[in-house]
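Summary of the model geometry
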Amino acid sequence: MLTRIEIRIEKNEEPINYNMSSLFHGALMEKIETAYVEKLHTNGLKPYSQNLKLTKESAIWSVCTLTKEAEKNIIPPLLDNDLTQIEIKHKSISVPIAEKTVTEISYEQLLKETYFGECPKTMNIAFTSPTAFKSQDRYIFYPTVRHVFQSLINKFDESSMVSEIGTEEILEQIEDHIDIIGYNLRSMRFHLEGTGIPSFMGSIRIKINSTQQMANLIWLLGKYGEYSGTGIKTSLGMGGIRT
(Lines give C-alpha, C1' and ligand atoms only; values in the text may rest on other atoms or scores of the structure.)
Protein backbone atom coordinates (compact mmCIF):
# COMPACT_ATOMS: atom_id res chain seq x y z
CA MET A 1 0.00 0.00 0.00
CA LEU A 2 1.23 3.49 -0.92
CA THR A 3 -0.09 6.27 1.29
CA ARG A 4 0.43 10.04 1.28
CA ILE A 5 -0.67 12.58 3.83
CA GLU A 6 -0.38 16.22 2.81
CA ILE A 7 -0.43 18.74 5.62
CA ARG A 8 -1.07 22.31 4.49
CA ILE A 9 0.62 24.79 6.76
CA GLU A 10 -0.83 28.17 7.59
CA LYS A 11 1.12 31.30 6.83
CA ASN A 12 3.41 32.06 9.74
CA GLU A 13 5.78 34.79 10.79
CA GLU A 14 8.60 32.25 10.52
CA PRO A 15 9.37 31.71 6.80
CA ILE A 16 9.54 28.06 5.73
CA ASN A 17 12.16 26.92 3.23
CA TYR A 18 13.40 23.63 1.79
CA ASN A 19 16.33 23.53 4.21
CA MET A 20 13.84 23.05 7.06
CA SER A 21 12.85 19.64 5.70
CA SER A 22 15.22 17.83 8.06
CA LEU A 23 13.64 19.71 10.99
CA PHE A 24 10.22 18.46 9.88
CA HIS A 25 11.75 14.98 9.75
CA GLY A 26 12.75 15.42 13.38
CA ALA A 27 9.21 16.47 14.25
CA LEU A 28 7.92 13.35 12.46
CA MET A 29 10.23 11.03 14.38
CA GLU A 30 8.95 12.47 17.67
CA LYS A 31 5.40 11.42 16.75
CA ILE A 32 6.33 7.78 16.05
CA GLU A 33 6.73 5.01 18.61
CA THR A 34 10.37 4.73 19.75
CA ALA A 35 10.66 1.04 18.84
CA TYR A 36 9.69 1.73 15.23
CA VAL A 37 12.03 4.74 15.02
CA GLU A 38 14.89 2.48 16.11
CA LYS A 39 13.89 -0.04 13.45
CA LEU A 40 13.90 2.68 10.79
CA HIS A 41 17.42 3.72 11.78
CA THR A 42 18.73 0.17 11.24
CA ASN A 43 17.16 -0.29 7.79
CA GLY A 44 18.88 0.47 4.48
CA LEU A 45 16.33 2.00 2.12
CA LYS A 46 13.64 3.80 4.11
CA PRO A 47 9.99 2.73 3.67
CA TYR A 48 8.85 6.36 3.67
CA SER A 49 9.66 9.77 2.24
CA GLN A 50 8.87 13.31 3.30
CA ASN A 51 9.40 16.73 1.76
CA LEU A 52 8.12 20.28 1.61
CA LYS A 53 6.33 21.82 -1.36
CA LEU A 54 6.45 25.61 -1.33
CA THR A 55 4.26 28.06 -3.21
CA LYS A 56 3.65 31.78 -2.81
CA GLU A 57 0.39 31.04 -1.00
CA SER A 58 1.31 28.17 1.31
CA ALA A 59 3.60 25.33 2.29
CA ILE A 60 2.61 21.68 2.11
CA TRP A 61 4.38 19.01 4.13
CA SER A 62 4.05 15.68 2.34
CA VAL A 63 4.72 12.41 4.18
CA CYS A 64 4.49 9.16 2.18
CA THR A 65 4.73 5.53 3.23
CA LEU A 66 5.67 2.65 0.93
CA THR A 67 4.66 -0.39 2.99
CA LYS A 68 1.70 -1.40 5.13
CA GLU A 69 3.91 -1.52 8.23
CA ALA A 70 5.19 2.00 7.62
CA GLU A 71 1.65 3.27 7.02
CA LYS A 72 0.45 1.69 10.27
CA ASN A 73 3.21 3.34 12.30
CA ILE A 74 3.59 6.74 10.60
CA ILE A 75 0.25 7.96 9.26
CA PRO A 76 -2.13 7.60 12.29
CA PRO A 77 -0.13 9.92 14.60
CA LEU A 78 -0.25 12.61 11.90
CA LEU A 79 -4.02 12.18 11.47
CA ASP A 80 -4.66 12.54 15.21
CA ASN A 81 -7.23 15.31 15.72
CA ASP A 82 -5.16 16.62 18.61
CA LEU A 83 -2.30 17.37 16.23
CA THR A 84 -3.07 20.96 15.23
CA GLN A 85 0.47 22.27 14.88
CA ILE A 86 3.95 21.04 14.06
CA GLU A 87 6.58 21.63 16.73
CA ILE A 88 9.95 22.60 15.23
CA LYS A 89 12.00 22.38 18.39
CA HIS A 90 15.34 23.32 16.82
CA LYS A 91 13.90 26.75 15.99
CA SER A 92 11.53 26.88 19.00
CA ILE A 93 8.50 27.50 16.80
CA SER A 94 5.06 25.95 16.31
CA VAL A 95 3.66 25.81 12.78
CA PRO A 96 -0.17 25.82 12.63
CA ILE A 97 -1.86 23.14 10.50
CA ALA A 98 -4.59 24.36 8.15
CA GLU A 99 -5.66 21.10 6.50
CA LYS A 100 -4.80 17.41 6.16
CA THR A 101 -5.56 15.23 3.14
CA VAL A 102 -4.78 11.54 2.59
CA THR A 103 -4.27 9.67 -0.68
CA GLU A 104 -3.60 5.95 -0.98
CA ILE A 105 -3.34 3.28 -3.65
CA SER A 106 -2.50 -0.41 -3.51
CA TYR A 107 0.39 -1.83 -5.51
CA GLU A 108 -2.12 -3.99 -7.37
CA GLN A 109 -4.14 -0.92 -8.40
CA LEU A 110 -1.00 0.97 -9.38
CA LEU A 111 0.04 -1.93 -11.64
CA LYS A 112 -3.44 -2.08 -13.15
CA GLU A 113 -3.46 1.64 -13.96
CA THR A 114 0.05 1.73 -15.43
CA TYR A 115 1.86 -1.51 -16.26
CA PHE A 116 -1.29 -3.27 -17.49
CA GLY A 117 -2.72 -0.15 -19.10
CA GLU A 118 -1.84 1.87 -22.19
CA CYS A 119 0.24 4.83 -21.09
CA PRO A 120 1.56 7.73 -23.19
CA LYS A 121 5.07 7.57 -24.61
CA THR A 122 6.00 10.97 -23.22
CA MET A 123 6.17 12.06 -19.61
CA ASN A 124 6.85 15.27 -17.71
CA ILE A 125 8.73 14.81 -14.43
CA ALA A 126 8.79 17.74 -11.99
CA PHE A 127 11.40 17.64 -9.24
CA THR A 128 9.49 19.41 -6.48
CA SER A 129 12.18 19.41 -3.79
CA PRO A 130 15.99 19.55 -4.04
CA THR A 131 17.21 16.36 -5.75
CA ALA A 132 20.61 14.71 -6.11
CA PHE A 133 22.16 11.31 -6.74
CA LYS A 134 25.41 9.82 -5.54
CA SER A 135 27.79 7.72 -7.62
CA GLN A 136 31.35 6.67 -6.75
CA ASP A 137 31.31 8.99 -3.73
CA ARG A 138 30.41 12.01 -5.88
CA TYR A 139 27.17 13.97 -5.87
CA ILE A 140 25.36 14.09 -9.22
CA PHE A 141 23.19 17.20 -9.28
CA TYR A 142 21.54 16.90 -12.67
CA PRO A 143 19.00 14.30 -13.84
CA THR A 144 20.19 11.50 -16.08
CA VAL A 145 17.79 8.82 -17.28
CA ARG A 146 19.88 6.10 -15.62
CA HIS A 147 20.15 7.80 -12.23
CA VAL A 148 16.46 8.73 -12.02
CA PHE A 149 15.13 5.30 -12.94
CA GLN A 150 17.79 3.22 -11.23
CA SER A 151 16.84 4.93 -7.97
CA LEU A 152 13.12 4.37 -8.60
CA ILE A 153 13.68 0.70 -9.45
CA ASN A 154 15.75 0.14 -6.30
CA LYS A 155 13.10 1.73 -4.10
CA PHE A 156 10.26 -0.16 -5.82
CA ASP A 157 11.98 -3.53 -5.49
CA GLU A 158 12.75 -2.88 -1.83
CA SER A 159 9.17 -2.00 -0.86
CA SER A 160 6.89 -3.91 -3.26
CA MET A 161 5.62 -7.34 -2.34
CA VAL A 162 3.90 -7.97 -5.69
CA SER A 163 6.72 -7.81 -8.24
CA GLU A 164 10.41 -7.08 -8.81
CA ILE A 165 11.83 -5.06 -11.69
CA GLY A 166 15.54 -4.50 -11.28
CA THR A 167 18.01 -6.13 -13.68
CA GLU A 168 20.99 -4.62 -15.50
CA GLU A 169 19.28 -5.52 -18.78
CA ILE A 170 16.19 -3.47 -17.89
CA LEU A 171 18.35 -0.50 -16.90
CA GLU A 172 20.26 -0.68 -20.18
CA GLN A 173 16.99 -0.80 -22.15
CA ILE A 174 15.67 2.21 -20.26
CA GLU A 175 18.90 4.13 -20.86
CA ASP A 176 18.98 3.19 -24.57
CA HIS A 177 15.33 3.95 -25.35
CA ILE A 178 14.48 7.03 -23.31
CA ASP A 179 15.53 10.54 -24.33
CA ILE A 180 15.25 13.77 -22.38
CA ILE A 181 13.63 16.06 -24.97
CA GLY A 182 13.18 19.15 -22.82
CA TYR A 183 14.17 20.57 -19.46
CA ASN A 184 13.83 23.56 -17.14
CA LEU A 185 16.28 23.09 -14.28
CA ARG A 186 18.19 25.12 -11.73
CA SER A 187 20.99 24.14 -9.39
CA MET A 188 20.88 24.83 -5.67
CA ARG A 189 22.27 23.74 -2.31
CA PHE A 190 20.35 21.64 0.18
CA HIS A 191 21.73 22.33 3.64
CA LEU A 192 21.82 19.37 6.00
CA GLU A 193 23.71 19.19 9.28
CA GLY A 194 26.11 21.94 8.25
CA THR A 195 26.77 20.49 4.80
CA GLY A 196 25.55 21.99 1.54
CA ILE A 197 24.57 19.17 -0.82
CA PRO A 198 24.67 20.21 -4.50
CA SER A 199 21.23 19.51 -5.92
CA PHE A 200 18.68 20.63 -8.49
CA MET A 201 15.00 21.40 -8.95
CA GLY A 202 12.83 21.93 -12.00
CA SER A 203 11.40 19.62 -14.64
CA ILE A 204 12.28 17.39 -17.58
CA ARG A 205 10.25 15.94 -20.42
CA ILE A 206 11.13 12.45 -21.61
CA LYS A 207 10.22 10.46 -24.71
CA ILE A 208 10.00 6.66 -24.67
CA ASN A 209 11.24 5.29 -27.99
CA SER A 210 10.25 1.71 -27.35
CA THR A 211 7.34 -0.67 -26.95
CA GLN A 212 4.06 0.02 -25.21
CA GLN A 213 5.19 -2.30 -22.42
CA MET A 214 8.29 -0.16 -21.81
CA ALA A 215 6.12 2.97 -21.72
CA ASN A 216 3.85 1.29 -19.17
CA LEU A 217 6.86 0.34 -17.02
CA ILE A 218 8.15 3.92 -17.07
CA TRP A 219 4.75 5.23 -15.98
CA LEU A 220 4.60 2.61 -13.22
CA LEU A 221 7.93 3.86 -11.88
CA GLY A 222 6.97 7.51 -12.33
CA LYS A 223 3.71 7.18 -10.43
CA TYR A 224 5.42 5.12 -7.73
CA GLY A 225 8.04 7.87 -7.49
CA GLU A 226 5.36 10.35 -6.42
CA TYR A 227 5.37 8.43 -3.14
CA SER A 228 8.99 7.25 -2.88
CA GLY A 229 10.88 10.18 -4.34
CA THR A 230 14.08 9.61 -6.31
CA GLY A 231 17.74 9.97 -5.46
CA ILE A 232 19.37 10.37 -2.06
CA LYS A 233 17.98 11.42 1.32
CA THR A 234 14.30 11.21 0.36
CA SER A 235 13.45 10.65 4.04
CA LEU A 236 15.07 14.00 4.89
CA GLY A 237 13.26 16.11 2.32
CA MET A 238 15.05 15.56 -0.97
CA GLY A 239 13.93 13.99 -4.23
CA GLY A 240 10.20 14.79 -4.37
CA ILE A 241 8.70 14.27 -7.84
CA ARG A 242 5.40 14.65 -9.66
CA THR A 243 4.59 13.21 -13.08
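See the structure above.
What you are looking at is a predicted structure, and each value in this text was computed from that prediction instead of being measured.

Moving on: the overall build of the protein. If you tally the helices and strands in the protein, you get seven helices and eleven strands. Here the C-alpha radius of gyration of the protein, 18 Å, is about what a compact globule of 243 residues would show, namely 18 Å. Expressed as lengths along the three principal axes of its C-alpha atoms, the size of the protein is roughly 50 × 35 × 35 Å. In the protein, buried positions account for 48% of the 243 residues.

The next point concerns the nonpolar core. Within the largest apolar cluster, 37 residues are counted, with the highest numbers of intra-cluster contacts made by Phe149 and Ile218. Broken down by secondary-structure element, the contributors of at least two residues to this core are α4 (107–113), β6 (122–131), α5 (145–159), α6 (168–177), β10 (195–208) and α7 (212–228). When sequence neighbours within four positions are dropped, the list of residues in contact with Ile218 reads Met123, Phe149, Ile174, Ile178, Ile206 and Ile208. Grouped together as the second largest cluster of nonpolar side chains are 29 residues, Ile9, Leu78, Leu83 and Val95 included.

What follows concerns the sheet that holds strand β5 (residues 93–105). Two strands in a sheet stick together by hydrogen bonds in their backbones, pointing the same way (parallel) or opposite ways (antiparallel). Within the open sheet, the five strands sit side by side as β2-β3-β1-β5-β4. Their pairing is antiparallel. Of all the strands in the sheet, the pair left with one neighbour each is β2 (48–54) and β4 (85–88). Taken pair by pair, the neighbouring strands of this sheet meet at an average axis angle of 30 degrees, ignoring direction. Judged from the seven bridges that link them, β2 and strand β3 (residues 59–65) form a sheet pairing that is antiparallel. In the strand pairing of β3, Asn51 is matched with Ser62. Helix-sheet contacts for helix α1 (residues 21–31) involve β1 (2–9), β2, β3 and β4, and the interaxial angle to β2 is about 130 degrees.

Glancing now at the layout of surface pockets. In this structure, the largest pocket spans a volume of roughly 390 Å³. Lining the largest pocket are 20 residues, with Leu45, Ser151, Lys155, Gly231 and Ile232 sitting closest to its centre. Secondary-structure elements contributing two or more residues to the lining of the largest pocket are β7 (133–135) and α5. Looking at which element gives the most residues to the lining of the largest pocket, the answer is α5, with five residues. Split by residue class, the lining of the largest pocket holds six nonpolar, ten polar and four charged.

What follows concerns unusual backbone geometry. Positive phi values are uncommon outside glycine, yet Asp137 reaches one of about 65 degrees. Relative to the elements of secondary structure, Asp137 occurs in the loop between β7 and β8 (138–140). Judged by its relative accessible area of 74%, Asp137 falls in the exposed class. Backbone geometry places Lys233, a non-glycine residue, at a positive phi of 50 degrees.

Note that Phe24 resides in helix α1. Note: C-alpha distance between Phe24 and Trp61 (37 residues apart in sequence) is 8.2 Å.

Parameters at a glance
Residues numbered from 1 in each chain as written. Predicted model: local features only at pLDDT ≥ 70, side-chain atom pairs only at ≥ 80, totals over all residues. Heavy atoms only, no water. Helix = DSSP H or I, 4+ residues; strand = E, 2+ residues; numbered from the N terminus. Rg over C-alpha atoms; globule rule 2.2 N^0.38 Å. Buried < 20%, exposed > 50% of the residue type's maximum accessible area, 1.4 Å probe, protein only. Core = buried A, V, L, I, M, F, W, Y, C linked by side-chain atoms within 4.5 Å. Contact = heavy atoms within 4.5 Å. Pairing = 2+ DSSP bridges. Axes fitted to C-alpha atoms, helices over the stretch in contact; angles between N-to-C directions. 1 Å grid on protein atoms, 1.4 Å probe; cavity = no way out; pocket = protein on both sides within 12 Å on 5 of 7 lines; lining within 4 Å. Points joined across faces, edges and corners; volume = space filled by probe spheres on them. Nonpolar A, V, L, I, M, F, W, Y, C, P; charged D, E, K, R; others polar.

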